[in-house]
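The chain contents come next:
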Amino acid sequence: MIFAANFKTNHTRVTTREYIESLSSMLENGDTDQEVFVFPPSTALDSFDAPIVVGTQNAYTAQNGAFTGEIGLDQLDEFGIKTILIGHSERREVLGETQEIVAKKFAFFKEQGFKIIYCIGEPLEIREQGDQAVVEYLMAQFDGIDTEYEDMILAYEPIWAIGTGRSATVEEIASTHKALRATISRPILYGGSAKPANIKEIISIDNVDGVLVGSASLDATNFYSMITS
Ligand code: PGA
């Protein structure tokens, strides 16, 4: 199983290091063989000696240059970072990334050999229209994306379940992942209010290969309890 922690705009450089040290020692002592990723904010990216893959939540499609506020390959190479989140709904909805921008980013980081956790998800008004509408909406988020890229992990995150405490139901996750599986042979994560209280149920659903966790990942002990559930 894959367990990925998305810190978003939480944790500092100091608390990220403390977190990674603490989670690493729990993982090393606990003898677990799960695949663990942590996505700290850009300012906390660094080299870590840890049984954890550290990735970036975002980056610009350039080696370096005049892109105020962005980081490029130079800043990632410094720490050997080769993993990126692309398409997160907060970047699509809050930061205005269109499918075209997302697809360009995907193609660039694929070309650079990055592992890409590619996020898709529907808003509530689409979910309310039923399964067919959801699948059509999600398929449009594959426009311009090489869904056969061997270093892609897909993350299905219904927008209405992110940060709301309300996870999708087992039936909703099962039917959506089943539909996605018809197109995607890569691992498929679920994200959206995954937490210690529902993790067992979520990871036992067919076609769920792991979770992408926001809020419940911010505390290392909490996240570790999910990893070992
Ligand atoms: P959440 O966030 O676990 O806080 O709902 C998940 C995500 O946005 O990746």
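Residues numbered from 1 in each chain as written. Predicted model: local features only at pLDDT ≥ 70, side-chain atom pairs only at ≥ 80, totals over all residues. Heavy atoms only, no water.

### Some words on the side chain of S167
Position of S167 among the secondary structure elements: in the loop between β6 (152-156) and α7 (170-181). In terms of polar contacts, S167 uses its side chain to reach the side chain of Y190, at 3.3 Å. Every residue in contact with S167, bar those within four places of it in the chain, is listed here: W160, A161, I173, Y190, G192, S193, N198 and I202. (Helix = DSSP H or I, 4+ residues; strand = E, 2+ residues; numbered from the N terminus. Polar contact = N/O pair within 3.5 Å; in protein donor to acceptor, adjacent residues only side chain to side chain. Contact = heavy atoms within 4.5 Å.)

### Quick look at the environment of R17
Turning to its location among the elements, R17 is positioned in helix α1 (residues 13-30). Given the relative accessible area of 30%, R17 is considered partly exposed. Taking the C-alpha atoms as reference points, R17 and S47, separated by 30 residues in sequence, lie 9.8 Å from one another. Among all residues touching R17, those that are not within four sequence positions of it are D46, S47 and F48. At 3.2 Å, the side chain of R17 forms a polar contact with the side chain of D46. (Buried < 20%, exposed > 50% of the residue type's maximum accessible area, 1.4 Å probe, protein only.)

### As for the site of the ligand
Near the ligand there are 13 residues, and of these K8, H88, E157, G163 and S215 occur at the shortest range. Here an oxygen atom of the ligand and a side-chain polar atom of K8 are 2.7 Å apart. In the model, an oxygen atom of the ligand is placed 2.7 Å from a nitrogen or oxygen of the G163 main chain. When isolated, the ligand has an accessible area of 280 Å², and the protein chains bury 98% of it. When each cavity is represented as a set of grid points, the ligand is found to reside in the second largest pocket. A per-class count over the shell around the ligand returns 4 nonpolar, 7 polar and 2 charged. (Near = heavy atom within 4 Å. Areas by Shrake-Rupley, 256 points an atom, 1.4 Å probe, with all protein chains shown as cover. 1 Å grid on protein atoms, 1.4 Å probe; cavity = no way out; pocket = protein on both sides within 12 Å on 5 of 7 lines; lining within 4 Å. Sits in = over half its atoms within 2 Å of the grid points. Nonpolar A, V, L, I, M, F, W, Y, C, P; charged D, E, K, R; others polar.)

### Things to note about the packing of α1 against helix α9 (residues 220-227)
Relative to each other, α1 and α9 sit at 35 degrees, their axes nearing to 9 Å. Relative to α9, α1 is oriented so that their crossing is right-handed. Counting all contacts with α1, which are made through Y19, S22, L23, M26, L27 and G30, the residues of α9 involved are A220, T221, F223, Y224 and I227. Of the residues belonging to the contact of α1 with α9, the class tally is 8 nonpolar, 3 polar and no charged. (Axes fitted to C-alpha atoms, helices over the stretch in contact; angles between N-to-C directions. Left-handed = near helix turned anticlockwise from the far one by under 90°.)

### Topic: helix α4 (residues 99-111)
With 13 residues, α4 should cover 18 Å at 1.5 Å per step; its first-to-last C-alpha distance of 18 Å lies within 8% of that length. Taken together, the buried positions of α4 are Q99, V102, A103, K105, F106 and F109. Seen along its axis, α4 keeps its buried residues to an arc of 160 degrees; they face one direction. Residues of α4 that are exposed and angled more than 90 degrees away from the buried face: E100, K104 and E111. In this structure, the buried residues of α4 make contact with α2 (73-77), β4 (83-86), α3 (89-93), β5 (115-120), α6 (131-140) and β6. Following α4 by one or two positions, G113 has its phi on the positive side, about 75 degrees. (Expected span 1.5 Å × (residues − 1). Arc of directions from axis to C-beta.)

### Topic: the pairing of strand β7 (residues 188-191)
Of the two faces of β7, the one holding I188 and Y190 and the one holding L189 and G191 are both buried throughout. When β6 meets β7, the two strands line up parallel, connected through 3 bridges. Within β7, the residue paired with L154 across the bridge is I188. In terms of handedness, the path from β6 via α7 over to β7 forms a crossover that is right-handed. In terms of strand pairing, β7 meets strand β8 (residues 210-213) through 3 bridges, oriented parallel. Across the sheet, the residue bridging to G191 is L212, located in β8. (Pairing = 2+ DSSP bridges. Right-handed = clockwise from strand over helix to strand, strands pointing away.)

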